[in-house]
Amino acid sequence: MTTKAVEGERHTIQVTVNGKRQAAEVDSHTLLVEFLRESFRLTGTHVGCDTSQCGACVVEFEGNSVKSCTMLAVQADGGRITTIEGVGSREALHPMQEAFTECHALQCGYCTPGMVMSACDLVRKNPSPSEAEIRDWLDGNLCRCTGYNNIVRAVSEAAQALASGAQAGVKSGA
Amino acid sequence: MRSEMKALKVLGQPLRRKEDLRLLTGAGRFVDDVKLESMLYLATVRSPYAHARILAIDKSEALAVAGVVDVIVPGDCPELDRPLPEVLEPGTLSNPYCDLHLTNPHHVLARGKATFQGEPVAMVVAESKLAAALGAEAVHVEYEELPAVHSAEDAMRPGAPRVHDANPNIIGHLKTAIGDLDAAFRKADFVIEERLAIQRLASMPIEGRGIVASWDARREEMTVWSTDQVPYRLRDALARMLDIHYDRVRIISGDVGGAFGGKGLIAEDLAAAALSRRLHRPVKWIESRSENFVSAHARDQYHDVRVAARNDGTLLGIDLKIVKDVGAYNHYEMVQTTNTVNHVLSHYKVPAFRAEGWCVVTNKVQMRPTRGAGRPEASFVMDRVLDFVAARTGIDPLEVRLRNIIPAEEMPYSNGLTYRDNVAISYDGGDYPRMLRLAAERLGYADWRKRQADARKDGRLIGIGISSSLEAGGVGPCEGARITIDDKGRVSVYLGVNSHGQSHETTFAQVCAEYLEVPYESVRVVAGDTALMRYGYGTGASRVGVNAGNAVMLAALALKQKIRALAAHVLGVGEDDVRLEAQRAFVASDPDRGRTFAQLAQAARANKRMIDLGGPGLTATEFFYPETVTWSSAVHMVAVEVDPGTGIVGVLKYAIVHDCGVPMNSAVVDGQLQGGTVQGIGAALGEEMVYDVSGQLLTGSFMDYPMPRAADVPPFEIEHLVTPTPKNPLGVRAAGEGGPVSPPAAFAGAVEDAIGKRCRITRMPLTPQRVFEIIRDAK
Ligand code: FES
Ligand code: FES
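What counts, and where the lines are drawn
- Residues numbered from 1 in each chain as written.
- Chains lettered and ligands numbered in written order.
- Predicted model: local features only at pLDDT ≥ 70, side-chain atom pairs only at ≥ 80, totals over all residues.
- Heavy atoms only, no water.
- Helix = DSSP H or I, 4+ residues; strand = E, 2+ residues; numbered from the N terminus.
- Rg over C-alpha atoms; globule rule 2.2 N^0.38 Å.
- Contact = heavy atoms within 4.5 Å.
- Areas by Shrake-Rupley, 256 points an atom, 1.4 Å probe, with all protein chains shown as cover.
- Lys, Arg positive; Asp, Glu negative; His and termini not counted.
- Charge placed at Lys NZ, Arg CZ, Asp CG, Glu CD.
- Pairing = 2+ DSSP bridges.
- Axes fitted to C-alpha atoms, helices over the stretch in contact; angles between N-to-C directions.
- Expected span 1.5 Å × (residues − 1).
- Buried < 20%, exposed > 50% of the residue type's maximum accessible area, 1.4 Å probe, protein only.
- Buried area = accessible area lost by both parts, 1.4 Å probe.
- Salt bridge = Lys/Arg side-chain N within 4 Å of Asp/Glu carboxyl O.
- Polar contact = N/O pair within 3.5 Å; in protein donor to acceptor, adjacent residues only side chain to side chain.
- Domains from an automatic or database assignment.
- Core = buried A, V, L, I, M, F, W, Y, C linked by side-chain atoms within 4.5 Å.

Some words on the overall build of chain A
Then, in step 1: Regarding its fold elements, chain A presents five helices and five strands.
Then, in step 2: The linear arrangement of helices and strands in chain A, starting from the amino end, is β-β-α-β-β-β-α-α-α-α.
Then, in step 3: Rg of the C-alpha trace for chain A: 17 Å, near the compact-globule value of 16 Å for 174 residues, within the 12% margin.
Then, in step 4: Taken along its principal axes, the extent of the C-alpha atoms in chain A is 55 × 30 × 25 Å.
Then, in step 5: Put simply, of all contacts in chain A between residues at least 6 apart along the chain, 56% involve residues at least 24 apart.
Then, in step 6: Taken as a whole, chain A presents about 7100 Å² of accessible surface, with 48% of it coming from carbon and sulfur.
Then, in step 7: The averaged location of the 20 negative side-chain charges in chain A is 3 Å from the averaged location of its 15 positive side-chain charges.

Here you go:
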């Protein structure tokens, strides 16, 4: 790399982040995760590695979960992005978040936003996943604290709650 | 001491965690989330060689990179021309066994030569993270590569190159003995000798290290956001470096994304603070995962063990020689090897025991503790020994254990060893034979033995492994807690310890709610800021539950006493006539006459009764000083099937029996146990820091370092027993290490049992390749 790379090309992009449409200036080399964290201060999306393996940075892009450290911000131009901040609120947790707290599926909470984003994508695509399917789906999300079993249980309970019509802010009854 | 024992209402309940709402909605505040006005970014230039002389550093090209503010090499910054502080300063050893401990000064930037791949050589500060990284790449360092010392055996070889020119490679030595070992070997029916090795691995929290240091030139104060597990140690180190009162350094550690022993003071902490004061701007450093892989490792210890035993399976004596490879630097004296010595006898009676240990430097990454800190090594040795005795005598491994186990009637049991706080070891209760039998029951031990025999007929390899562990936890010196009630009756609990996933905001609120008799919902725990409490000794070594938990309990009781005294004065009755209930103090004989806690908090602002109640406000601070450690225990049993074609080890069933005394929150304890066990499974089946002979790390990413993933984890059959300890008023024992300690030993036993054919498993981890080789060689 030469020193000139600091002066990357600037681009203006349009993105819809957590339902809000906005324009922003980015460098050509800016990663989507940096863009979300730095430009919008959406710091719930975390960085846990530099080789696209931990999944702490997972967000929803155009209806799919993606590792936001593996995409450039410019590639998100024109797209819709949902981060953990757009999933539920303290007052009205999403059933997936509700299930995570109910099942003690987090400890330090660093992997948690990525886990929740991946899990939400799974149950969107497969509303009643088996335990093996959940474990398989979460292969790209590392957690060093919980040992996963409570996470798997949470995803399964959230899927059931969602299937029976639970919405954000409405207790799953678990 | 236990006068307050009563039926518990809140303590122990699996209540929802108070930290979850924040963490689940993306509102956690981790160090990387801190962004300050005019902040600079720090990047480190690291040695690509394990051992090399530094001939010259040319920073001119780096200084020309747009955005680079400064490049620091040795000599540029006098504050940084000092070694990193030792965790245990030499000369303050309390270690009863250690008789040699040499310290090699560990400078912020390598002096003259680099001693491991990844050692900081220069640092760059810049206006952006990218500019700092590009600047670091543009620093040209001229090296002369030297032969690397790549293993402990290599380091101890006569004529081996020295890692540090001023000292020999052996930097630590300890020894201890109990009983008559020579007599034990004379009486033995047979003797077993083996070398048993536990690999080098790392804590690997999903968040790396980080710091933001911000010097306020007007007030001459330093504010730091850090991931450090022991914020007060960082505070004191920075105060010493900056030569200011420690009250002028404030360390904030909000949310920390896991630590497990690896997050302590490192070079960048000192550099960020020194540069912030020099440049009058905040300085941020966030460790990348690649850097995390070369910043601190753990374990890497081998054991030459000689065992004297009888044909009936009883142990007569163990002679143990331990060698620990600490990498290039060691800041933890011989704590971990000492832990191995003090946990190796585990749940068993061994009449004669001798241990000797050495710490050896090599050209590898420095050593830090990680979960278990010497204890997985201990259980690995003991359970391997018991399995070898079983194989030799033909007695079932479970039966061999029952023949050597400490009977419950002999509690409290002293084995003659001394803990590292210099207090004679005494196991404070627990029923080890019951735990072992219960684990066998939960696993279905007898049934698996039958299935194993049947499977053998079809050429399938099924095996059972057993491991017991002890965990001396709750080491002092102390922790404190301050509780205050405001004039709305809301309760705050202030602590001197931070949390990296241990659920302090929940568990300590439960302790407070229980003993102050207030609703859990009204209690808020505030911690992770050195401005709150004058001292704290860190979240590690499974010490916080015992120390801080009891401090909260004592503070709650003290505050109730204060409330009673003030209420008596306000109500004009004697203190004995005051009753406390439902956040209200009232006259026992006339319950309508009373004041709420909120009203009393208001009164406490100016009432003169407070003169001899510690001054204004409803607040109480107490410290808990444990006499010594308390002992938790666990038994793990696993049934596995080994695929002879691939060497892959599959778990058929996994059972754990665990006793950590009174749980503060049963779901939190269970979570600690499960998460820890999975870390132990990673250590058993895959994780290893592998170096080549030139000292290059071959496993520097998650691709090469296989941490367990969701699909690798079996369900666990868990039974929690509760034997309260008499050693503290709450009756709590340590809960952090019953998980990670036993899996390596349990899997070694199970795989060996599955393969049979007199194979011996002597080192970890059991990667498919290694298991495949063991099967091949056993044929
Ligand atoms: S940060 Fe690790 S996968 Fe994106
Ligand atoms: S909760 Fe800490 S990494 Fe998952």
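What about the side chain of B:Asn547?
Then, in step 1: Position of B:Asn547 among the secondary structure elements: in helix H15 (residues 544–571).
Then, in step 2: Excluding anything up to four places from it in sequence, B:Asn547 contacts B:Gly474, B:Val475, B:Gly476, B:Pro477, B:Cys478, B:Glu479, B:Phe624 and B:Pro626.

A short note on the sheet that holds strand E18 (residues 479–485) of chain B
Residue and element names in this part refer to chain B.
Then, in step 1: Read from one edge of the open sheet, four strands run E20-E19-E18-E24, paired in mixed fashion. One side of each edge strand has no neighbouring strand; the edge strands of this open sheet are strand E20 (523–526) and strand E24 (618–624). If you compare each strand with its neighbour and ignore which way they point, the axes differ by 20° on average.
Then, in step 2: Here E18 pairs with E24 via seven bridges, running antiparallel.

Overview of helix H5 (residues 149–163) of chain A
Then, in step 1: For H5(A), with 15 residues, the first-to-last C-alpha span of 21 Å sits near the 21 Å given by 1.5 Å per residue.
Then, in step 2: Within H5(A) the residues assigned to the buried category are A:Asn149, A:Asn150, A:Ile151, A:Val152, A:Ala154, A:Val155, A:Ala158, A:Ala159 and A:Ala161.
Then, in step 3: Tucked inside the fold, the buried residues of H5(A) contact helix H2 (95–102), helix H3 (112–125) and helix H4 (131–137) of chain A together with helix H17 (666–685) of chain B.
Then, in step 4: Once H5(A) finishes, A:Gly165 follows within two positions and takes phi at roughly 95°, a positive value.

Some points on the interface of chain B and chain A
Then, in step 1: Contacts between the two partners involve 60 residues from chain B, matched on the other side by 55 residues from chain A.
Then, in step 2: Together, the buried faces of chain B and chain A total about 4800 Å²; carbon and sulfur atoms form 56% of this surface.
Then, in step 3: Viewed at the interface, chain A and chain B are joined by six salt bridges.
Then, in step 4: A salt bridge links A:Arg37 to B:Asp32, with the nearest nitrogen and oxygen atoms 3.5 Å apart.
Then, in step 5: Here chain B and chain A share 25 residue pairs in polar contact (both at pLDDT 80 or more) between them.
Then, in step 6: Sorting the residues of the side of chain B that touches chain A by element identifies helix H1 (20–24), helix H3 (129–137), helix H8 (289–292) and H17 of chain B as the ones contributing at least two each.

What to know about the domain arrangement of chain B
Residue and element names in this part refer to chain B.
Then, in step 1: Its domain assignment divides chain B into domain 1 (20–27 + 476–624), domain 2 (209–292) and domain 3 (299–475 + 628–778).
Then, in step 2: Distance between the C-alpha centres of domain 1 and domain 3: 40 Å.
Then, in step 3: Listed by partner, the interface residues are 22 residues for domain 1 and 18 residues for domain 3.
Then, in step 4: Interface area for domain 1 against domain 3, summed over the two sides, is near 1400 Å², with a carbon-plus-sulfur share of 62%.
Then, in step 5: Remark: the boundary between domain 1 and domain 3 carries zero salt bridges.

Here we look at the nonpolar core
Then, in step 1: Formed by 167 residues in total, the largest nonpolar core has its most connected members in A:Phe100, A:Val155, B:Phe353 and B:Met637.
Then, in step 2: Top element by residues in this core is helix H10 (residues 375–393) of chain B. It accounts for nine residues.
Then, in step 3: Among all residues touching B:Phe353, those that are not within four sequence positions of it are B:Thr176, B:Ala177, B:Ile178, B:Leu181, B:Ile318, B:Leu320, B:Val341, B:Val344, B:Leu345 and B:Leu417.
Then, in step 4: In this structure, B:Val10, B:Val491, B:Tyr520 and B:Ala568 belong to the second largest nonpolar core, which totals 52 residues.

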